[in-house]
Amino acid sequence: MNTDSDPDDSAAPAPALNSVWTRPQRRQKEQLTRERIVAEAIALLDEEGIDALSMRTLGQRLGAGATSLYRHVASKDELIELVTDEVYGELDVPEITDPASWRLALHVNAHSLRQVGLRHMWLMNVLGQVGLNYLGPNVVSVTQRSLAILTTAGFDMHEAARAMSTLSSYVIGITSAEAGWLSALRRRGMSEQEWYRVVGPQMASAAGDAGLAEIYLEELKKDPMETRLGNFVYGLDLILDSLEIRLAAKLAADQKARAAASQ
């Protein structure tokens, strides 16, 4: 038996974290800076989508070789971390002191995330692929301020984290569908109004159920942008209604416990 070996594996070195946020930034003495790279990458993504993003293409837009980019950003994955964190800085997360204002604050937060996702239609598709992006300063700030809304309302941190995860997942999911739909229309050179005018009546006539056909025909009379917004708000309110019920039950239980303790 080798008595020199340590049976405790806890002393083994931890694996290296492969993220732009875990290594120091290079000194930027040249004209090409990380900030300029990120700004141009966002412009490229907004114009052409995630499939168009490559270090070579970005270098061409910047008038620099890919090698120059790699001195600031080690990989495409790191670049995606950076651009994601940058656009997260656009989010509006209200700071509240009145616990009763939590629901309105979360409405603002959710609508802001949706608007950012529709402004940068590549964003929602990469949020699940950004590695350690939660280390980015803007994402950290948004997360902390979002959780503060719920803890101010009266949720404990554990439930606040789960509630925000649920809410974010809803917004990301429905906005991904919206962004995909709008991107497909843009590739076809069509507006939503044009698509509904051409395809809408065919949808109604193809419906096997008279009630469904009536719903389609009613939708054709509406502004499609307002329809998408209405669908978003409906789902958002379902989540917030549930949180409101849970919060009321928690506050009532807390009050009952305090009353029992004071007797």
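Computed from a predicted model, the values in this text were never measured in an experiment. (Residues numbered from 1 in each chain as written. Predicted model: local features only at pLDDT ≥ 70, side-chain atom pairs only at ≥ 80, totals over all residues. Heavy atoms only, no water.)

A. Representation of the pattern of salt bridges in the model. On inspection of all chains with the given rule, the structure shows twelve salt bridges. Notably, a salt bridge pairs Glu 244 with Arg 103, separated by 2.7 Å at the nearest N-O pair. Here the residue Glu 244 occupies a position in helix H11 (residues 224–262), and Arg 103 occupies one in helix H5 (residues 102–119), the gap between them amounting to 141 residues. By relative accessible area, which is 40% here, Glu 244 ends up partly exposed. For Arg 228, the salt bridge identified is with Glu 192, shortest N-O distance 2.9 Å. (Salt bridge = Lys/Arg side-chain N within 4 Å of Asp/Glu carboxyl O. Helix = DSSP H or I, 4+ residues; strand = E, 2+ residues; numbered from the N terminus. Buried < 20%, exposed > 50% of the residue type's maximum accessible area, 1.4 Å probe, protein only.)

B. Broad picture of the nonpolar core. In this structure, Ile 37, Leu 79, Val 83, Trp 102, Leu 106 and Leu 150 are the most contacted members of the largest nonpolar core, which totals 54 residues. Sorting the residues of this core by element identifies helix H1 (34–48), helix H2 (55–62), helix H4 (76–88), H5, helix H6 (123–126), helix H7 (137–153), helix H8 (157–188) and H11 as the ones contributing at least two each. In this structure Leu 106 touches Ile 149, Leu 150, Met 164, Leu 167 and Leu 240, once residues within four positions along its chain are discounted. (Core = buried A, V, L, I, M, F, W, Y, C linked by side-chain atoms within 4.5 Å. Contact = heavy atoms within 4.5 Å.)

C. The arrangement of the layout of surface pockets in detail. Of the volumes computed, that of the second largest pocket is approximately 320 Å³. Around the second largest pocket, the lining comprises 17 residues; the ones closest to its centre are Gly 49, Ile 50, Ser 183, Arg 186 and Arg 187. Taken together, the elements giving at least two residues each to the lining of the second largest pocket come down to H1 and H8. Ranked by the residues each element gives to the lining of the second largest pocket, the list is headed by H8, at five residues. Of the residues assigned to the lining of the second largest pocket, the class counts are five nonpolar, five polar and seven charged. (1 Å grid on protein atoms, 1.4 Å probe; cavity = no way out; pocket = protein on both sides within 12 Å on 5 of 7 lines; lining within 4 Å. Points joined across faces, edges and corners; volume = space filled by probe spheres on them. Nonpolar A, V, L, I, M, F, W, Y, C, P; charged D, E, K, R; others polar.)

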